[in-house]
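The lines below spell out each chain.
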Amino acid sequence: MEKTLLIIKPDAVERKLVGEIIQRVERKGLEIKALKMEKISLEKAENHYIVHKGKEFYSNLINFITSGPLVLIVLEGKDCIKIVRNMAGSTSAVEAMPGTIRGDFSTDMLENIVHTSDSSESSEREIKNFFKNL
Ligand code: CMP
């Protein structure tokens, strides 16, 4: 069965949106296989966002993602990678549609509430970075 990584980012944790986001994915019918709260190390943050290294927003991204605790969730379900990406909405707050997580809760490109894996290769790599035993 397909798995994906959903990260509830520090902005959402601070704004007390954790329950709201977990409720959305549970009500959709996805299964939570693993869940933990963690303030991640610089090393894990750099591994996670390796594909963005060199981009102009990279250092802001690393500072943001290590600024406070995250909630890291492994979800499982048929086609869950695409399903959770659709639920998250566009990275750009301007383009994210109402009804999506970012569309409902974010106005910013960087501080955009959640991260979700974009492919099965990324999901495998990202889950391994945070959950050694899965
Ligand atoms: P995420 O889905 O976690 O993947 C990469 C992250 O980089 C993205 O969400 C945003 O938090 C951030 N990001 C992507 N593009 C930009 C941008 N143009 N400016 C600022 N931050 C960005």
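Preceding this paragraph is the structure being described.
Residues numbered from 1 in each chain as written. Predicted model: local features only at pLDDT ≥ 70, side-chain atom pairs only at ≥ 80, totals over all residues. Heavy atoms only, no water.

**With respect to the packing of aromatic side chains**
- Applying the stated criterion across every chain, the model contains zero aromatic pairs.
- Lying over the aromatic face of Phe131, Lys36 brings its terminal NZ or CZ to 4.6 Å of the ring centre. (Phe/Tyr/Trp six-rings, centres within 6.5 Å; stacked < 30°, edge-to-face > 60°. Lys NZ or Arg CZ within 6 Å of the ring centre and 35° of its normal.)

**Considering the nonpolar core**
- In this structure, Leu6, Ile8, Ile21, Ile73, Leu75, Ile113 and Val114 are the most contacted members of the largest nonpolar core, which totals 20 residues.
- Those elements that place two or more of their residues in this core are strand E1 (3-8), helix H1 (10-14), helix H2 (18-28), strand E3 (70-76), helix H5 (80-88) and helix H6 (101-105).
- Look past the residues within four positions of Ile21 in its chain and what remains in contact with it is Leu6, Ile8, Ala12, Ile101, Ile113 and Val114.
- Among the nonpolar cores identified, the runner-up in size contains 16 residues, and Tyr58, Leu72, Val74 and Ile127 belong to it. (Core = buried A, V, L, I, M, F, W, Y, C linked by side-chain atoms within 4.5 Å. Buried < 20%, exposed > 50% of the residue type's maximum accessible area, 1.4 Å probe, protein only. Helix = DSSP H or I, 4+ residues; strand = E, 2+ residues; numbered from the N terminus. Contact = heavy atoms within 4.5 Å.)

**Notes on the pattern of salt bridges**
- For the structure on display, the rule yields eight salt bridges.
- Its salt-bridge partner being Lys3, residue Glu76 comes within 3.1 Å of it at the nearest N-O pair. Of this pair, Glu76 sits in strand E3 while Lys3 sits in strand E1, and the two are 73 residues apart along the sequence.
- Since its relative accessible area comes to 31%, Lys3 is described here as partly exposed.
- Residues Lys36 and Glu38 are paired through a salt bridge, measuring 3.3 Å at the closest nitrogen-oxygen approach.
- When salt bridges that share partners are traced, they join Lys3, Lys33 and Glu76 into one network. (Salt bridge = Lys/Arg side-chain N within 4 Å of Asp/Glu carboxyl O.)

**Things to note about the site of the ligand**
- Lining the immediate surroundings of the ligand are Lys9, Tyr49, His52, Phe57, Leu61, Thr91, Arg102, Met109, Leu110, Asn112 and His115.
- One of the side-chain N or O atoms of Arg102 is found 3.1 Å from an oxygen atom in the ligand.
- Asn112 is positioned with one of its side-chain polar atoms (N or O) 3.1 Å from an oxygen atom of the ligand. (Near = heavy atom within 4 Å. Polar contact = N/O pair within 3.5 Å; in protein donor to acceptor, adjacent residues only side chain to side chain.)

**Focus on the side chain of Thr100**
- The residue Thr100 is located in the loop between H5 and H6 in this model.
- The exposure class of Thr100 is buried, given its relative accessible area of 12%.
- Within polar-contact distance, the side chain of Thr100 engages the backbone oxygen of Met97 at 2.6 Å.
- Discounting chain neighbours no more than four positions away, the residues touching Thr100 are Arg24, Asn86, Met87, Ala88 and Gly89.

**With respect to H5**
- For H5, the complete set of buried residues consists of Cys80, Ile81, Val84, Met87 and Ala88. End-on view of H5: buried residues confined to an arc of 130°, all on one side of the axis.
- Here the buried face of H5 lies against E1, H2, E3, H6, strand E4 (114-116) and helix H7 (120-130).
- Positive phi appears at Gly89, one or two residues downstream of H5, with a value of about 90°. (Arc of directions from axis to C-beta.)

**Description of the pairing of E3**
- With seven of seven residues buried, E3 is to be regarded as a mostly interior element.
- Of the two faces of E3, both are covered, the one formed by Leu70, Leu72, Val74 and Glu76 as well as the one formed by Val71, Ile73 and Leu75.
- In the sheet, E1 pairs with E3 via six bridges, with the strands oriented antiparallel. Of the residues in E3, the one forming a bridge with Leu6 is Ile73. (Pairing = 2+ DSSP bridges.)

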